[in-house]
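In case you want the letters, here they are:
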Amino acid sequence: ESGAEARALLNAAHAEIKGKGVEAAVEEFNAGGKWKGSKAYVVVADFKGHMLAHAANEKIVGKNMYEAKDASGKAFVQEVIQGVQAKGETNIEFRWANPQTKKIDDGKMVAKRVPGQDAYVGVTFFE
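Notes on the structure in this doc start here. (Residues numbered from 1 in each chain as written. Predicted model: local features only at pLDDT ≥ 70, side-chain atom pairs only at ≥ 80, totals over all residues. Heavy atoms only, no water.)

### Topic: the nonpolar core
- Ranked by size, the top nonpolar core spans 39 residues in total, and within it Phe29, Val42, Val44, Met109, Tyr120, Val121 and Val123 carry the most contacts.
- Elements with a contribution of two residues or more to this core: helix H1 (3-20), helix H2 (22-30), strand S1 (40-46), strand S2 (51-54), helix H3 (76-87), strand S3 (89-97), strand S4 (104-113) and strand S5 (119-126).
- Excluding residues within four positions of it along the chain, Val44 makes contact with Ile17, Val26, Phe29, His50, Met51, Leu52, Ala53, Val114, Tyr120 and Val121. (Core = buried A, V, L, I, M, F, W, Y, C linked by side-chain atoms within 4.5 Å. Buried < 20%, exposed > 50% of the residue type's maximum accessible area, 1.4 Å probe, protein only. Helix = DSSP H or I, 4+ residues; strand = E, 2+ residues; numbered from the N terminus. Contact = heavy atoms within 4.5 Å.)

Shown next, in the form of structure tokens:
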């Protein structure tokens, strides 16, 4: 997956939320399907860090990830929230488990604000 593919997936997820509303879209994202590739997946979280959707790991749904740190100790969820709050969209780099290899890897996330909500939709990807 490249950054361009991740951005296309993000735009599709954003459009899904705009078209169906957050609840219906979140249900779809959590089911995986086209929202989960071999190296990229969709997430949705509110600005308090509560995970609403995670296409690659349903165990994270419902958890609060606000204080979560990546393998290098970066509070990456807070970084995404701050970027989205400031600019409406953001992209970050972080060290996280690659869903394909299950090993810690250099991940990236592109994220956009959910329209009219204190939440973001993001795509995590590994190149």
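From this point, the narrative continues.
### Focus: the packing of H1 against H2
- Following both chains from N to C, one finds H1 and H2 inclined at 140°, their axes separated by 7 Å at the closest point. Considering their axes alone, H1 and H2 lie oblique with respect to each other. Taking contact as the criterion, the partners of Ala13, Glu16, Ile17 and Lys20 in H1 are, on H2, Val22, Ala24, Ala25, Glu28 and Phe29.
- Residue composition of the contact of H1 with H2, by class: 6 nonpolar, no polar and 3 charged. (Axes fitted to C-alpha atoms, helices over the stretch in contact; angles between N-to-C directions. Parallel < 35°, antiparallel > 145°, perpendicular 65-115°, else oblique. Nonpolar A, V, L, I, M, F, W, Y, C, P; charged D, E, K, R; others polar.)

### Here we look at the sheet that holds S5
- Strand order in this open sheet of 5 strands is S2-S1-S5-S4-S3, and the pairing throughout is antiparallel. Strand pairing shows two members of the sheet lacking a second neighbour, S2 and S3, which therefore form its edges. Direction aside, the axes of adjacent strands within the sheet are offset by 25° on average.
- Each of S1 and S2 is contacted by H2, which is oriented at about 45° to S2, the strand it contacts most.
- Docked against the sheet, H3 engages S1, S3, S4 and S5, running at close to 170° with respect to S3. (Pairing = 2+ DSSP bridges.)

### Examining H3
- Its 12 residues give H3 an end-to-end C-alpha distance of 16 Å, which sits within 8% of 16 Å, the value for a rise of 1.5 Å per residue.
- Elements in contact with the buried residues of H3: S1, S3, S4 and S5.
- Once H3 ends, the next one or two residues include Gly88, with phi positive near 85°. (Expected span 1.5 Å × (residues − 1).)

### Notes on the pattern of salt bridges
- A complete count under the given rule lists 7 salt bridges for this structure.
- For Lys20, the salt bridge is made with Glu16, and the minimal N-O distance between the two is 3.0 Å. Of this pair, Lys20 and Glu16 are both found in helix H1, 4 residues apart, which corresponds to roughly one turn of the helix.
- Overall, the relative accessible area of 14% leaves Glu16 in the buried class.
- Ionic pairing is found between Arg95 and Asp106, a salt bridge with its closest N-O pair at 2.9 Å. Taken together, the residues Arg95 in strand S3 and Asp106 in strand S4 connect sequence positions 11 residues apart.
- The class of Arg95 is partly exposed, set by a relative accessible area of 31%.
- Salt bridges here are not isolated pairs; linked through shared partners, they connect Glu16, Lys20 and Glu28. (Salt bridge = Lys/Arg side-chain N within 4 Å of Asp/Glu carboxyl O.)

### Describing the packing of aromatic side chains
- Per the stated rule, a full pass over the model turns up 4 aromatic pairs.
- Ring geometry for Phe94 against Trp96: centres 6.0 Å apart, planes inclined by 40°, an arrangement best described as tilted.
- Put simply, the rings of Phe76, Phe94 and Trp96 pair up and form one aromatic cluster. (Phe/Tyr/Trp six-rings, centres within 6.5 Å; stacked < 30°, edge-to-face > 60°.)

Keep in mind that these numbers describe shape and distance, not what the molecule does.
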